[in-house]
Amino acid sequence: MSGIGEILKAVGDFGLFQKWLVLLTLFPCLGVAFHQFCQLFMVPHVPHHCDTSWIRAVGPNLTEEEQLNLTLPRDTDGAYEQCSMYSPVDRDLVSIVAYGLNSTEKCSSGWVYPSAQPPSLLTEFDLVCDRKNLNNISQSIYMLGLLLGSMIFGPLSDRIGRRPVILISVVLQGLFGVGIAFVPHFYVYMAFRCVVGASVSGITMTILALATEWVGVSSRPKAVLISHCCFAIGQMLLAGLSYGIRNWRLLEIAGSAPMFSFFFYIWVLPESARWLVTKGRIEEAKKVLQKAASINKRTIPPGLLEQLKPETQNKSGSTLDLFRKKHLRKVTLIMSCAWFVNSLVYYGLSLNVTSFGLDIYLTQLAFGAVEIPARVGCIFTLQWFGRKKTQAVLLLLSGLVCLIITGIPEDQPVATTVLAIIGKFTATASFSTSYVYSAELFPTVVRQTGVGLCSMSARVAGIMAPLIRLLDQYHRAIPMAIFGSAPVVGGLLCVLLPETLGTDLADNTGGGRPPAKVCENANSSSENGHVKGKDGGQDNEYTKTTHF
C-alpha cells in the first residue's frame, strides 16, 4: 500500500494548512455565482418603440408625441406598438396628416429607448421583438460551456494536476470575463460567455476536489458545505452589486476583474499530495506533505514517509456496466432522471427571477439567502428521514410549488415570489441530497462513471431550461408547468430506489442486488459526494465534488 492515507492522518485532518486551503477555495465561488446569474440583471425590461425618424425629413418641427402618433400603430390597450410601425411613404407632411398611414411593417431602422436608461445588453444589442429570444439562447450557450468545461477540465486535471488546471481556469475566466465588457457584437458576447462557462466548470470541479483531497474524512462535509454556502453568499452579493452598477459593461468588469487577484495562487496553492503519489512523483509529494505538517505543527514519522510509493489505481467500470445488471440499470436511469429534473427546476426558477413581478434585486437576494438553510438543513434530514424519502419528498415539493405558481394570477406578485422562494429552497436541498444518494447507490467500480453520467444529465437540463422559457410566448404558464411536472415524475420514480442510510457501500456490481442493510451506526458515507470503501485495508477513497 502507498501509505498516503496514514501520512495524511499524521499531517492532520483539518489543521491550519487545510483551513487556509479551504479559505482559498471560497473566493472563486463568489465569482462563480456572479457569472451564473449576472445576465439576469443585464437585460432589464425597457420601454421601446420603432425608430421612425424618417418622418423628420418632411416634418422637422414635429414634436415627439406628434411623430409617434403619425408613425406608430396602437395596440388594443391604446399604447404604441413596440415591434411594428407604419411603412414609410414618399408623401408630404400635409397629406400624411390628412389621410394618415395604413400599411404596417416590422421595425426596419432599429428601436428607440429612453435616453435616461443606463446601457444594458437589451439596449445595446436590441434584444427586443424578433431578437428577444437571443437572451435565453445565450443563457443556454453559457450552460453548454459548463458542460464542455466539465468534459475538458475533468480529464485534464487527472493528467496534468489540480493546480495547473485551477490556474488556467482562473486566467481564462479573468481574461474572457473582462473581455465580455468590450465585445462589439452579441454573437461575440455569447462565444465569450461559453468560454467563461467552461472556466467556471474548471474552477469548481478542481478547486473543491483539491480541498477535499487534503481534508480528512470527518471534516470534508464541513469543508464542502462552507464552499456551497459561499456560492449562496455570492448570489446575495450579486444582487447588491447589480443594484449599485446599472451599466452592464461596468458590472461585468466589476464581477470579473477580481479574478486577476487570484494570480497569487501561483505561489500559495499546493498540489494534491494524492495526485502526486498517483503519478509517481514521490519526492514532490514528500515536500508538500512535510510543508503541510509544518504549518499544522505536526511531525510525520520518517519511516512513514519512506514507505510512500506510487498508488495502483483500480480500473473504473465503463458506462455499459451500468446497464448490464438489472438493479444498476434501474438506479442509473432513475438517478439520471432525478438529476435532470432537479437541474431543470433549479435553473427554471433561478433564471426566472425577472418574471415573478417583484423587485428583481430583492428577489435575487432572497434566492441566495434561502440556499444557506437549505444546504445546512439537508444534513439533518438525510440522517432523520433517510436518503430515499428526502430525495422523493423534496422533488415532489419543488414540482408542486411550480405547478401552484401556474395558477396564481399575474397581479399577485408577492404570492408568486414567496412560492418561488419555497421552490428554490426545496430544489437546492434536493440537489444536495442527490450528491450523497448517488455516490451511495453506485458500486465502487462504477461510482465515478455513474455519478459522472448523472452530472452530465443535469448539465443537459441546464441547457434546456432557458430554451423552455421561450414557450411563454404561447402561454405564460407553459414553462412553469414543465418545470413543475418534471420533478413530480422524478420524485415518484425515486420511490423505486433502495434506501442507503445505514448500509455498507457495494464495491462491485455482482449479486444483482442492492447493498444489504447493516447496523445504523455503519460508516456508510460522508456528505456531498464523498464515500469510502474497504478493499483489503487500502485507503480507497472516491471524491466527487460538483458545483451547481
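Provided above is the structure to which this section pertains.
Residues numbered from 1 in each chain as written. Predicted model: local features only at pLDDT ≥ 70, side-chain atom pairs only at ≥ 80, totals over all residues. Heavy atoms only, no water.

A. Expanded view of the overall build of the protein chain. The secondary structure content of the protein chain amounts to 21 helices and six strands. Within the protein chain, the proportion of its 548 residues that are buried is 55%. Contacts in the protein chain between residues at least 24 apart in sequence constitute 78% of all its contacts with a sequence separation of at least 6. A total of about 23,400 Å² of accessible surface is found on the protein chain, and carbon and sulfur atoms cover 62% of it. (Helix = DSSP H or I, 4+ residues; strand = E, 2+ residues; numbered from the N terminus. Buried < 20%, exposed > 50% of the residue type's maximum accessible area, 1.4 Å probe, protein only. Contact = heavy atoms within 4.5 Å. Areas by Shrake-Rupley, 256 points an atom, 1.4 Å probe, with all protein chains shown as cover.)

B. Main features of unusual backbone geometry. With a phi angle near 50°, Asp-126 is a residue other than glycine that sits in the positive phi range. Considering the arrangement of structural elements, one finds Asp-126 in the loop between helix H5 (121-125) and helix H6 (133-160). Look at Lys-297: it is not a glycine, yet its phi comes out positive at around 55°. Take Lys-297: it is sitting in the loop between helix H13 (282-295) and helix H14 (302-306).

C. Up close: the packing of aromatic side chains. Inspection of every chain in the model, using the stated rule, returns 13 aromatic pairs. On the numbers, 4.8 Å between centres and 65° between planes, the contact of Phe-17 with Trp-214 is edge-to-face. Residue Phe-17 is located in helix H2 (residues 16-37), and its partner Trp-214 is located in helix H8 (residues 186-214); the two are separated by 197 residues in the primary sequence. Accessibility assignment for this pair places Phe-17 and Trp-214 in one class, buried. (Phe/Tyr/Trp six-rings, centres within 6.5 Å; stacked < 30°, edge-to-face > 60°.)

D. Region of interest: the nonpolar core. Grouped together as the largest cluster of nonpolar side chains are 85 residues, with contacts concentrated most on Phe-37, Leu-121, Phe-186, Tyr-189, Trp-248, Met-335 and Leu-497. Examining the composition of this core, we find that 12 residues originate from one element, helix H16 (residues 326-350), more than from any other. In this view, Leu-121 contacts Gln-39, Met-42, Val-43, Asp-126, Leu-127, Phe-186, Tyr-189 and Trp-248; residues no more than four positions away in its chain are not counted. Formed by 34 residues, the second largest nonpolar core is a distinct cluster that contains Val-288, Leu-289, Leu-304 and Leu-305. (Core = buried A, V, L, I, M, F, W, Y, C linked by side-chain atoms within 4.5 Å.)

E. Here's a closer look at helix H17 (residues 360-385). Here H17 spans 35 Å end to end across 26 residues, near enough to the 38 Å set by a 1.5 Å rise per residue. Along H17, the helix axis deviates most sharply at Cys-378, where the bend reaches about 30°. Residues of H17 that are buried include every one of Ile-360, Tyr-361, Thr-363, Gln-364, Phe-367, Gly-368, Val-370, Glu-371, Ala-374, Arg-375, Cys-378 and Leu-382, and no others. Here H17 starts with a cap whose side-chain oxygen sits 3.1 Å from the backbone nitrogen of Tyr-361, and that cap is Asp-359. (Expected span 1.5 Å × (residues − 1). Bend = angle between axes of the 7 residues up to and from the residue. Polar contact = N/O pair within 3.5 Å; in protein donor to acceptor, adjacent residues only side chain to side chain.)

F. Up close: the side chain of Ser-272. Structurally, Ser-272 is set in the loop between helix H11 (265-268) and helix H12 (273-278). A distance of 3.2 Å separates the side chain of Ser-272 from the backbone nitrogen of Trp-275, its partner in a polar contact.

G. Summary view of the state of the cysteines. A full pass over the atoms with the stated rule returns two disulfides. One disulfide in the model links Cys-50 with Cys-107; its S-S distance is 1.7 Å. Across the S-S bond linking Cys-50 and Cys-107, the dihedral sits near -60°, which makes this disulfide left-handed. Taken together, the positions of Cys-50 in strand E1 (residues 49-50) and Cys-107 in the loop between strand E3 (104-106) and strand E4 (111-112) put the pair 57 residues apart, joining distant regions of the chain. On the accessibility criterion, Cys-50 (0% relative accessible area) is buried. Residue Cys-83 pairs covalently with Cys-129 via a disulfide, S to S 1.9 Å. One quick way to see it: the torsion about the S-S bond of Cys-83 and Cys-129 is about -90°, and its sign makes the bridge left-handed. Remark: Cys-129 occurs in the loop between H5 and H6 and Cys-83 occurs in the loop between helix H3 (64-71) and strand E2 (84-86); sequence separation between them is 46 residues. For Cys-129, a relative accessible area of 15% gives the class buried. (Disulfide = S-S within 2.5 Å.)

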